[in-house]
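Coordinates in review
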Amino acid sequence: MNIPKTEHKRVVIIGGGFGGLNLAKSLKGKDFQVVMLDKNNYHTFQPLLYQVATAGLEPDSIAYPIRKIFKAQENFFFRMANVEKVETSENKIITDIGILEYDYLAIATGTTTNFFGMEGVAKHAMTMKSVTEALDLRSLILQNFEKALLENEEEQVSFMNFPIVGGGPTGVELAGALAELKNHILPNDYPDLDINRMKIHLIEMQDEVLQPMSDKASSKALAYLKDLGVNVMLNKSVASFDGNNLTFKSGEQLKSKTLIWAAGVKGNLVDGISSTAIEGSRYKVDDKLKIDGYDNIYAIGDVGILKTKKFPYGLPQVAPVANQQGDFLGKNFISESKGASLKSFTYQDQGSMATIGRNRAVVDMKAFKFQGTIAWFVWMFVHLISLVGFRNRVITFFNWSYNYFSFDKGARLIIRKFKRN
Ligand SMILES: Cc1cc2nc3c(=O)[nH]c(=O)nc-3n(C[C@H](O)[C@H](O)[C@H](O)COP(=O)(O)OP(=O)(O)OC[C@H]3O[C@@H](n4cnc5c(N)ncnc54)[C@H](O)[C@@H]3O)c2cc1C
């Protein structure tokens, strides 16, 4: 891979997500060579993918070139590569651009969509785990309206039904944003189409949305969704989808050309790690974030599972965990190099939040919980300052302000047509 070996230990990081970025940053100016590999040359701010999918933001507002982030970090090397395998006995990784040796390996590959073995859903449903998928979804949503214009009333229903499966933050935020499109944008764009025929269905198998949040947040989010006209279907499970009909386990059917799947994730595992170190679809790690059974291989962020007293099923798969683990691991590498004692990871839970359309959000913090307009401003502020890169923050702030005052969304472009399989 043409990366010169130095006298410093080499830390190879697979993945430039939240965990990988923070680990690399924490080693700036330290006696390590840091090599990051990612299949994309950019970092994706996943929490705002739904805004790309619903024409609220352009992708370059939420993606940022990895090389630019580290342009001032001399000990940092980046290669765009898909990591295929780890040869643990030889401390090597195999990628599509060659082989690389490591002293320490940090796997920070995040997650991919979990379809729970439903083949039809995997084949036909739309997902939202990457910029490409969010852009496909944006194209498909708009293409559906272009097609609906050409159809008779009965067929229009299929194109204008938008079932979203999964009442977690992703499903709830997407449903809210689609409702905003329906209520404020689409009637102007398609005056010759009856936009009232557009139906947004949010399908959740449990009896509430935003299940991990407080009861107050869940019930308020439900009320907000209903207010916006979203048809929330609780205690409903999907059995199959064939690209035209969605079938529920109860046997009921919904005619729809589109299914948006926001119902589950599984770890993006790299071949070569022993199956005994895997639980579910994540790497079992100890409180030093070391993968079970290995001395120099670590997992950080979504792909690792660390169980604690407060989180007996593992820490939540959210950005703050990945951020904190990346930072923590870097500090431990530095301590180890100095012969100092290693710390154990403890998660500082900062709470959680979700937004449901304009002026509506729910925020659960340790000390207090609140909902409504103030929560919405808090949500916007937190997401704005969390975005990577000053330029992205400015562009997003400008876009949000423009959208807020004009009730308009500028990114309603079908740049690249989405083609169904
Ligand atoms: C739609 C959506 C909304 C979300 N909303 C929120 C939210 O509001 N708040 C919150 O806290 N969390 C949210 N999350 C979760 C949050 O984004 C994740 O917890 C966080 O991204 C995990 O960081 P990570 O570093 O573990 O992995 P990721 O950020 O997923 O990064 C993994 C990286 O690894 C790379 N990669 C994967 N496999 C390979 C390979 N084989 N070779 C090379 N590179 C590879 C990927 O390209 C990617 O860049 C959301 C997630 C999604 C999908």
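Residues numbered from 1 in each chain as written. Predicted model: local features only at pLDDT ≥ 70, side-chain atom pairs only at ≥ 80, totals over all residues.

1. Some remarks on the overall build of the protein chain
Looking only at helices and strands, the protein chain features 11 helices and 25 strands. The C-alpha radius of gyration of the protein chain comes to 22 Å, within 12% of the 22 Å expected for a compact globule of 421 residues. Each principal axis of the C-alpha distribution contributes one length, and for the protein chain these read about 70 × 40 × 40 Å. Looking at the 421 residues of the protein chain, the share that counts as buried comes to 45%. (Helix = DSSP H or I, 4+ residues; strand = E, 2+ residues; numbered from the N terminus. Rg over C-alpha atoms; globule rule 2.2 N^0.38 Å. Buried ≥ 20, exposed ≤ 12 C-beta atoms within 10 Å, placed from the backbone.)

2. What about the domain arrangement of the protein chain?
For the protein chain, the assigned domains are domain 1 (9-113 + 265-337) and domain 2 (119-263). The distance between the C-alpha centroids of domain 1 and domain 2 comes to 32 Å. Opposite the 14 residues of domain 1 that make contact, domain 2 presents 17 residues. Of all the elements in the fold, those that place two or more residues in the side of domain 1 that touches domain 2 are α2 (49-53) and β10 (111-113). (Domains from an automatic or database assignment. Contact = placed C-beta atoms within 7 Å.)

3. Observations concerning the environment of Gly-29
Mapped onto the elements of the fold, Gly-29 is located in the loop between α1 (18-26) and β2 (32-38). Take Gly-29: there are 9 C-beta atoms within 10 Å of it, and that puts it in the exposed class. Separated by 57 residues in sequence, Gly-29 and Val-86 place their C-alpha atoms 27 Å apart.

4. Digging into the site of the ligand
The environment of the ligand is formed by 34 residues, the closest being Gly-15, Gly-17, Gly-110, Gly-301 and Val-318. Elements with a contribution of two residues or more to the shell around the ligand: α1, β2, α2, α7 (169-189) and α9 (319-337). A class-by-class count of the residues in the shell around the ligand yields 16 nonpolar, 14 polar and 4 charged. Mapping the shell around the ligand onto the domain boundaries places at least three of its residues in each of domain 1 (9-113 + 265-337) and domain 2 (119-263). (Near = placed C-beta within 6 Å. Nonpolar A, V, L, I, M, F, W, Y, C, P; charged D, E, K, R; others polar.)

5. Structural notes on the nonpolar core
Ranked by size, the top nonpolar core spans 123 residues in total, and within it Ala-106, Ala-221, Leu-225 and Ile-260 carry the most contacts. Shared between two domains, this core holds at least three residues of each, these being domain 1 (9-113 + 265-337) and domain 2 (119-263). (Core = buried A, V, L, I, M, F, W, Y, C linked by C-beta atoms within 7 Å.)

6. Let's talk about the pairing of strand β8 (residues 98-101)
Here strand β7 (residues 92-95) runs beside β8; their pairing, made up of 4 bridges, is antiparallel. Paired with Ile-93 across the two strands is Leu-100, which belongs to β8. Between β7 and β8, which pair antiparallel in sequence order, lie 2 residues. (Pairing = 2+ DSSP bridges.)

7. A look at the sheet that holds strand β19 (residues 278-279)
The pairing of strands in a sheet happens through backbone hydrogen bonds and is either parallel or antiparallel. If you walk across this open sheet you meet the 3 strands as β19-β20-β22, and the pairing is mixed. Strand pairing shows two members of the sheet lacking a second neighbour, β19 and β22 (304-305), which therefore form its edges. Note: strand β20 (residues 282-284) against β22, 2 bridges, orientation parallel. Residue Lys-284 lies in a different strand from β22, and its bridge partner there is Ile-305.

8. Comments concerning the packing of α1 against α9
Close contact between α1 and α9 brings their axes to 7 Å; oriented N to C, the two are set at 30°. Relative to α9, the element α1 lies roughly parallel. For the element pair α1 and α9, the recorded crossing hand is right-handed. Across from Phe-18, Gly-19, Gly-20, Leu-21, Asn-22, Leu-23 and Ser-26 in α1, the residues of α9 making contact are Ala-319, Ala-322, Asn-323, Gln-325, Gly-326, Asp-327, Leu-329, Gly-330 and Lys-331. For the contact of α1 with α9, the per-class residue count stands at 6 nonpolar, 8 polar and 2 charged. (Axes fitted to C-alpha atoms, helices over the stretch in contact; angles between N-to-C directions. Parallel < 35°, antiparallel > 145°, perpendicular 65-115°, else oblique. Left-handed = near helix turned anticlockwise from the far one by under 90°.)

9. Remarks on the packing of helix α5 (residues 131-148) against helix α6 (residues 153-160)
α6 packs onto α5 with a crossing angle of 175° between their chain directions and a minimal axis gap of 9 Å. In terms of orientation, α5 lies roughly antiparallel with respect to α6. Where α5 approaches α6, its residues Asn-144, Lys-147 and Ala-148 are matched on the opposing element by Gln-156, Phe-159 and Met-160. Looking at the contact of α5 with α6 residue by residue, the class counts come to 3 nonpolar, 2 polar and 1 charged.

10. Observations regarding the sheet that holds strand β14 (residues 238-241)
On the basis of which strands lie adjacent, the open sheet formed by 3 strands has the order β14-β15-β16 and antiparallel pairing. Every other strand in the sheet has two partners, leaving β14 and β16 (253-255) as the edge strands with one partner each. Neighbour to neighbour, the strand axes of the sheet diverge by 20° on average, direction disregarded. Taken together, the 3 bridges between β14 and strand β15 (residues 245-248) define a ladder with antiparallel strand orientation. Residue pairing across strands places Phe-241 opposite Leu-246, the latter belonging to β15.

11. Here we look at the environment of Tyr-50
Among the structural elements, Tyr-50 can be located in helix α2. On the neighbour-count criterion, Tyr-50 (27 C-beta atoms within 10 Å) is buried. Along the chain, Tyr-50 and Ala-175 lie 125 residues apart, while their C-alpha atoms are 9.3 Å from each other. Setting aside residues up to four positions removed in sequence, Tyr-50 forms contacts with Met-128, Thr-170, Glu-173, Leu-174 and Ala-177.

12. Notes on helix α10 (residues 373-386)
Relative to the 20 Å expected for 14 residues at 1.5 Å per residue, α10 spans 20 Å between its end C-alpha atoms, a close match to the ideal helical length. Taken as a whole, α10 has its buried residues at Ala-375, Trp-376 and Trp-379. In an axial view of α10, the angular spread of the buried residues amounts to 100°, which keeps them on one side of the axis. Among the exposed residues of α10, those oriented more than 90 degrees off its buried face are Thr-373, Ile-374, Phe-377, Phe-381 and Ile-385. (Expected span 1.5 Å × (residues − 1). Arc of directions from axis to C-beta.)

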